[in-house]
Amino acid sequence: EFQAYSVLLVEQPAQQGAEANANSGFTQATGTDQSRVLNQALILQQNPAIADRTAETLLGRTDARALTTVRAAAASSDGPLASEDYARYLQKEVVTVKPAGEGVDAIRVEATAGTPEEAVLIARLFTQEYQRTTRETNLGRVRETRDALEEQVQRRQAELDSVETRLRDYMTSENAAGLEAQTQATVSNIGTLQSSLDLARVQVQTQEAQLRQLQQDLSTAGPRLQASAAAPSVIETTALDTQISDLERLMEQIYQRNPQFRGRPQAHPDLAQMQSRLDGLRGERQRAVSAAAASAVASGGLDLGSPGSNGASYLSDIQRQISSTRAGLEGARAQVAALASRLGEARSQLREIPGEQITVTALQRQRDATAATLGGLRLELDKTELASTTELSPTRIVRDVQTPTEPSAPKRPLNLAIGTLLGLLTGLVLAAVRYRTDSRAHTPDDLADQGFAVVGTVPNLAAALRLGRQDVEGASIHPLLVTLTSPFSPEAETFRHLHANLTTGSGESPQVVLVSSPESGAGKSVIATNLAVAAAQAGRRVLLVDADLRKPCVMDLLGLGDSPALGEGPEGSNLVYWSTAVPSLFAMTPRETAQTPGQMWAPHQIGGLLANLRSAFDLILIDTPPALLSADTVLLAPHADAALLVAEAGKSDLDALAQVATELSGVGLRRIGAVLNRFNPRRAVGYTKTARVRQSAQRDDATGHPDAAPAPQLL
């Protein structure tokens, strides 16, 4: 995305009537009316006319379909893209208007698009349409004011012609002499006051016309904010105008009696104090007028922090102007009242003048006042005529739109940094959730935390399957039987570790050991067979009993089908004795898989069978069915010395292991250990370094290295 922008300076509005008098001709400092800047920014952002004209211009281009904003607006529209839909998209997604900075009367108009040229085009069109709209609005108000002034000029000209005719006729018929100096001063003062009074009344009429025009604009925009311009501070400004007028009148009387002080109020302490008080009242009125305008905007429900949420962005500016105009109107009315009072006092000075002089003086006073009023009206009319032929806009472009050289988005370094941080946080959260909710056994620590004594770990033997079956002493040995097919491999050494760990600290070793798992597929048969081979290779007389009468595996692992059996077990036991390729290792397997419950292990036969076998073998390993799938493991447990529960890393459930251990403990078996099968230490936190030295450590343990760690005891 690319971003282009222009900067508009918000011009200071011209002051008229009572407001100009209150400000004493001083202009407002830059940055002192921030609400005016915000109002103009809201007009720019929310005025539908500006967006509609911009959208129509863009859609009217021959390359409109190639514009990225047009494509984006069409994608978000349910049907064909209309001009109104595109205008709303420009206002919400493309154009952003905001103050250009703190303490400056400037607005920044930004446009974001997929190409630099399109961003420049939209920003420039939006700025031009805004100035065009504001010029048209201001021009309508100027024309209304001009019409009112023209009517006043015509009426005052007719009055002046009538007064001059009457004065000329009276002077001719009565042969009236000139007035004395004091009378002349009184007449002049009355004429000045009458002129000011007439001008003030004209100002009232002019502002009433402006107020009607503004209220007409407001009435067409909806009833929501029609009453928003009724600012309570108008009463306060009216009172201030009265105080200012009274103070000016008092100072004028002092200047008439003491003309040497006129223009030099600091020459007398009383005058200096009065002038200071007058300046303070004027400043207070200026602040009251600004507060009245701001109060009117606030009373309309304007929410500057939520652009467009209430639709009052354009109306808020009209409300502010209505409030300001009403304040000026009330001030002008107060000034009319004050001038009328002063005029009454001046007229009282003419009570002692003869009737002839009074008549002449009155006619002259009326002529001078009408002439002064007519001159002021013509001056205002000339200003209005000039304004009507000049481009009127509250803003001026101080920075035209420039073509961006670099995209404004995406900011790749920032996005990568944020993405990395969010990814890390997400990973940590997911890891914490998994750690809290995952009940599977992943590492030996998981088994130890569950209360098991970890007798050993066995790696994944899947790689040995590539070697295929091997012939050992005439038997076809399964490749997973690594203690025979690869006796010097690190995998075979893990089973020698496992055999060594069966011995307790006092040297007592269990004679009958059950090897089981909660579920099928954990690798218990492979572990039991390899453990039996490792024990036989250590010089012990070992019997491996395949007690899984449903799915026996020992016969296939040892390749027993290639040699004759030694004989059958006790009558009705469904067992066959075998010699194996390993000296001192014998096997007992089922003659046939069980089809009925009567062919399973009988509780009354188990005790006698194992009692006879104990006297013939040093170690008896019984490969039992999965403990949660069959009751055979629980039936055999009372006649065993220990049990090894095989858990598959990353799959076996710890709760299932705990349940099996509870069942075995319930029938009297106290020594229960655990073996973690298919464990890869390189993928487990805290085991990576130990995995590097595992091979040498295994060989050291197998050869009786003096630094070998002591074997853990079974539970």
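As the structure is a prediction and not an experimental result, all values here were calculated from the model.

Conventions used here
Residues numbered from 1 in each chain as written. Predicted model: local features only at pLDDT ≥ 70, side-chain atom pairs only at ≥ 80, totals over all residues. Heavy atoms only, no water. Pairing = 2+ DSSP bridges. Helix = DSSP H or I, 4+ residues; strand = E, 2+ residues; numbered from the N terminus. Axes fitted to C-alpha atoms, helices over the stretch in contact; angles between N-to-C directions. Contact = heavy atoms within 4.5 Å. Salt bridge = Lys/Arg side-chain N within 4 Å of Asp/Glu carboxyl O. Buried < 20%, exposed > 50% of the residue type's maximum accessible area, 1.4 Å probe, protein only. Parallel < 35°, antiparallel > 145°, perpendicular 65-115°, else oblique. Left-handed = near helix turned anticlockwise from the far one by under 90°. Nonpolar A, V, L, I, M, F, W, Y, C, P; charged D, E, K, R; others polar. Phe/Tyr/Trp six-rings, centres within 6.5 Å; stacked < 30°, edge-to-face > 60°. Lys NZ or Arg CZ within 6 Å of the ring centre and 35° of its normal. Lys, Arg positive; Asp, Glu negative; His and termini not counted. Polar contact = N/O pair within 3.5 Å; in protein donor to acceptor, adjacent residues only side chain to side chain. Expected span 1.5 Å × (residues − 1).

1. Observations regarding the sheet that holds strand β1 (residues 2-10)
Neighbouring strands of a sheet are bound in pairs by backbone hydrogen bonds; such pairs are parallel or else antiparallel. As summarised here, the arrangement of the four strands in space is β2-β3-β1-β4, forming an open sheet in which the pairing is antiparallel. The sheet is open, and its two edges are formed by β2 (95-99) and β4 (395-399), each paired on a single side. When strand polarity is set aside, the average angle formed by the axes of neighbouring strands in this sheet is 30°. Here four bridges tie β1 to β4, and the two strands are oriented antiparallel to one another. Looking at β4, one finds that V10 is bridged to T395. On top of the sheet, helix α5 (residues 83-94) reaches β2 and β3 (106-113); it is set at about 50° to β2, its chief contact.

2. Describing the pattern of salt bridges
Summed over all chains, the structure comprises 23 salt bridges. In this structure, the salt-bridge partner of D400 is R124, at a minimum N-O distance of 3.8 Å. Taken together, the residues span a long stretch of sequence, with D400 in the loop between β4 and α12 (412-437) and R124 in helix α6 (residues 116-174) at a distance of 276 residues. In this structure D400 comes out as partly exposed when scored by relative accessible area, which is 37%. Across the pair R333 and E330 runs a salt bridge, and its minimum N-O distance is 3.3 Å.

3. A look at the packing of helix α3 (residues 48-59) against α5
Between α3 and α5, the least distance of the axes is 8 Å, while the angle of their chain directions is 115°. Comparing their axes, α5 and α3 come out roughly perpendicular. Every pair of crossing elements has a handedness; the one defined by α3 and α5 is right-handed. Across from P48, A51, D52, T54, A55, E56, L58 and L59 in α3, the residues of α5 making contact are S83, Y86, A87, L90 and Q91. A class-by-class count of the residues in the contact of α3 with α5 yields eight nonpolar, three polar and two charged.

4. A few points about the packing of aromatic side chains
The geometry of an aromatic ring pair comes down to the distance between the two centres and the angle between the two planes. Scanning the entire structure with this criterion turns up one aromatic pair. In this structure, R108 packs its charged tip against the face of Y5, placed 3.5 Å from the ring centre. In this arrangement the basic side chain of R399 is found over the ring face of Y5, its NZ or CZ atom lying 4.0 Å from the centre.

5. Let's talk about the side chain of R540
On the secondary structure map, R540 appears in the loop between α16 (524-537) and β9 (542-546). Put simply, R540 is tucked away with no salt bridge, and the nearest opposite charge, on D618, sits 5.3 Å away. At 3.2 Å, the side chain of R540 forms a polar contact with the side chain of H499.

6. Here's the deal with the side chain of S517
Along the chain, the position of S517 falls in the loop between β8 (512-516) and α16. Of note is the side chain of S517, whose polar atom sits 2.7 Å from the backbone oxygen of E519.

7. A look at helix α20 (residues 654-666)
In a regular helix each residue adds 1.5 Å, so 13 residues correspond to 18 Å; α20 covers 18 Å between its end C-alpha atoms and thus fits that length. Buried residues in α20 make contact with α13 (444-449), α19 (632-636), β14 (642-648) and β15 (672-677). Looking at where α20 begins, the residue whose side-chain oxygen comes 3.0 Å from the main-chain nitrogen of D655 is D653.

8. Thoughts on the environment of D368
For D368, the location among the structural elements is in helix α11 (residues 355-388). Taking relative accessible area as the criterion, D368 reaches 35% and is therefore assigned partly exposed. Each C-alpha atom, one on D368 and one on V163, is 9.5 Å from the other, the two residues being 205 residues apart in sequence.

9. Notes on the sheet that holds β15
Strand order across the open sheet formed by nine strands is β5-β15-β14-β8-β13-β9-β12-β11-β10, with mixed pairing between neighbours. Looking at strand neighbours, the two that pair on one side only are β5 (453-458) and β10 (567-568), the edges of this open sheet. Note: β8 against β14, four bridges, orientation parallel. Paired with V513 across the strands is A642, a residue of β14. Together, β5 and β15 form the strand contacts of helix α15 (residues 490-501), whose direction differs from that of β5 by roughly 165°. Running over the sheet, α20 touches β14 and β15 and is turned about 170° from β14.

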